[in-house]
Amino acid sequence: MTMVKLIAGNWKMHGTSEDLGEVRTIAEWSKKFEGAVEVALCVPATLIHRAAEAVPGFLIGAQDIHHKEKGAHTGDVCAAMLHDAGAGIVIVGHSERRDAHREADGHVKAKAEAGLGAGLKVILCVGESLEEREAGRAVETVGRQVDASLPAGPVDTGTFALAYEPIWAIGTGRVAEVEDIEEMHSAIRERLVAAYGETGAGVRILYGGSVKASNAGEIFAVPNVGGALVGGASLKAADFLPIVEAGAD
Ligand code: PGA
């Protein structure tokens, strides 16, 4: 099955209006690869509206969502607000949120369902710690996360994607071995098929963790890798665009 890769930038807590020039350059260059690769930038919540206005037609996203529709949740942002601001996609369950905000699998599942229910595309993140990998429990740990965080089906392969991000590879410059990526993505694929039947075979599974121009091609060649979630290397167009280009190959 051929699937268009999804390359999503995760700006984390970086970016103000001064950085809109990078957003514009990324959107403009990405047009060259339209149809061959899908590109998104998940910017801080405060920048979504201005970014979406600056690059109409380009996929701007958020990095988190509240699972409820509205209510007394100081500081939180719900799906309708993200939509209203111009977001078309949202990351849920990133390990930095699972860790710092104590987000458990059931919570992540509710967030994924809230996003999809509101018509947003969703990237759901999973990944093991270094301790779990060294103890030989990586596949088991991630499998458990996948089973407990997947949104109730049916899902659509165009709107729902998973991202495997080993925690020890995020922002460290360390990348998982291609054999380990292949093993994990194939284990995740099995779970997706078990959960969603045939549709599960088409859900994109992104790899994330220190992806950069120099390793993107090798990672994209791994079976069952359907794109990348890119942190540090998505902040500058010059670093991000070669990854987009590799994804279009
Ligand atoms: P990194 O971050 O590319 O800077 O390792 C990836 C992520 O956390 O999504």
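Anything mentioned here points back to the structure above.
Everything in this summary refers to the structure shown in the same document. Remember, it's a predicted structure, so these values are computed and weren't measured experimentally.

**Quick look at the sheet that holds strand β6 (residues 160–164)**
- Reading around the barrel, the eight strands line up as β1-β2-β3-β4-β5-β6-β7-β8 and close back on themselves, with parallel pairing between neighbours. Taking the axes of each pair of neighbouring strands and ignoring which way they run, one obtains an average angle of 25 degrees across the sheet.
- Bridge analysis of strand β7 (residues 204–208) against strand β8 (residues 227–230) gives two bridges, and the strand direction is parallel. Each bridged residue has a counterpart across the sheet, and for Gly 208 the counterpart in β8 is Leu 229.
- Relative to strand β5 (residues 121–126), helix α7 (residues 138–149) is tilted by about 145 degrees, and along the sheet it contacts β5 and β6.

**Comments concerning the site of the ligand**
- What surrounds the ligand is a group of 13 residues, the closest being Lys 12, His 94, Glu 165, Gly 171 and Ser 210.
- For the ligand, an oxygen atom lies 2.7 Å from a polar atom in the side chain of Lys 12.
- At a separation of 2.8 Å, an oxygen atom of the ligand approaches a polar backbone atom of Gly 231.
- In isolation the ligand exposes 280 Å². Once the protein is present, 95% of that is buried.
- Counted by class, the shell around the ligand contains four nonpolar, seven polar and two charged residues.

**Focus: the side chain of Glu 165**
- Inspection of the secondary structure assignment puts Glu 165 in the loop between β6 and α8 (178–196).
- Engagement of the side chain of Glu 165 in a polar contact is seen with the side chain of His 94, the distance being 3.2 Å.
- What Glu 165 contacts, discounting residues up to four positions off in sequence, is His 94, Cys 125, Val 126, Gly 127, Glu 128, Ile 170, Gly 208, Gly 209 and Leu 229.

Parameters at a glance
- Residues numbered from 1 in each chain as written.
- Predicted model: local features only at pLDDT ≥ 70, side-chain atom pairs only at ≥ 80, totals over all residues.
- Heavy atoms only, no water.
- Pairing = 2+ DSSP bridges.
- Helix = DSSP H or I, 4+ residues; strand = E, 2+ residues; numbered from the N terminus.
- Axes fitted to C-alpha atoms, helices over the stretch in contact; angles between N-to-C directions.
- Contact = heavy atoms within 4.5 Å.
- Near = heavy atom within 4 Å.
- Polar contact = N/O pair within 3.5 Å; in protein donor to acceptor, adjacent residues only side chain to side chain.
- Areas by Shrake-Rupley, 256 points an atom, 1.4 Å probe, with all protein chains shown as cover.
- Nonpolar A, V, L, I, M, F, W, Y, C, P; charged D, E, K, R; others polar.

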